Amino acid sequence: MSAVTVVDSRGRPCPLPVIDLAKAIVAVEVGHGVRVLSDDPGADVDIPAWCRMRGQELREVTDEDGHRAYLVMRVR
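Residues numbered from 1 in each chain as written. Predicted model: local features only at pLDDT ≥ 70, side-chain atom pairs only at ≥ 80, totals over all residues. Heavy atoms only, no water.

Overview of the sheet that holds strand β1 (residues 4-8)
Strand order across the open sheet formed by four strands is β1-β2-β4-β3, with mixed pairing between neighbours. On the outer flanks of this sheet lie β1 and β3 (57-63), each paired with one strand and no other. Along the sheet, successive strands turn relative to each other by an average axial angle of 20°, direction set aside. The sheet contact formed by β3 and strand β4 (residues 68-73) spans six bridges and is antiparallel. Its bridge partner being in β4, valine 61 is matched across the sheet by tyrosine 70. Packing of helix α1 (residues 16-25) onto the sheet brings it into contact with β1, β2 (33-38) and β4, and relative to β2 it is tilted by some 160°. The sheet strands contacting helix α2 (residues 43-54) are β2, β3 and β4, and the helix crosses β4 at an angle near 0°. (Pairing = 2+ DSSP bridges. Helix = DSSP H or I, 4+ residues; strand = E, 2+ residues; numbered from the N terminus. Axes fitted to C-alpha atoms, helices over the stretch in contact; angles between N-to-C directions. Contact = heavy atoms within 4.5 Å.)

What follows is the structure, given as structure tokens:
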């Protein structure tokens, strides 16, 4: 797997996790990823919707210790 940047958005309410993702994705090269950690329930809707609208790939969503992790790959 390519390099992955981790963005810790735990404790940040909607819409901040998706804003954090948007800021981080432009800083990584195409083919690399951003892993967003979030405990905001709105991220379950916001992050997949943002990926569809921006043409990025949501590779996986995993439940971790009290939060979720969203792995988004930059494809363009």
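Describing the packing of α1 against α2
In contact at an axis separation of 9 Å, α1 and α2 are set at 30° when each is read in the N-to-C sense. The angle between α1 and α2 falls in the class roughly parallel. As α1 packs across α2, the resulting crossing turns out to be right-handed. Packed against α1, whose contacting residues are Pro17, Val18, Leu21, Ala22 and Ile25, the element α2 presents Ala43, Asp46, Ile47 and Trp50 at the interface. Here the contact of α1 with α2 is composed, by residue class, of eight nonpolar, no polar and one charged. (Parallel < 35°, antiparallel > 145°, perpendicular 65-115°, else oblique. Left-handed = near helix turned anticlockwise from the far one by under 90°. Nonpolar A, V, L, I, M, F, W, Y, C, P; charged D, E, K, R; others polar.)

Quick notes on the pairing of β2
By the criterion of burial, β2 is predominantly enclosed, with five of the six residues buried. By the bridge criterion, six bridges tie β2 to β4 in an arrangement that is antiparallel. Counterpart to leucine 37 in the pairing with β4 is alanine 69. (Buried < 20%, exposed > 50% of the residue type's maximum accessible area, 1.4 Å probe, protein only.)

Some remarks on the pairing of β1
In terms of strand pairing, β1 meets β2 through five bridges, oriented parallel. Of the residues in β2, the one forming a bridge with valine 4 is glycine 33. Of the crossover connections in this fold, the one passing from β1 over α1 to the parallel β2 is right-handed. (Right-handed = clockwise from strand over helix to strand, strands pointing away.)

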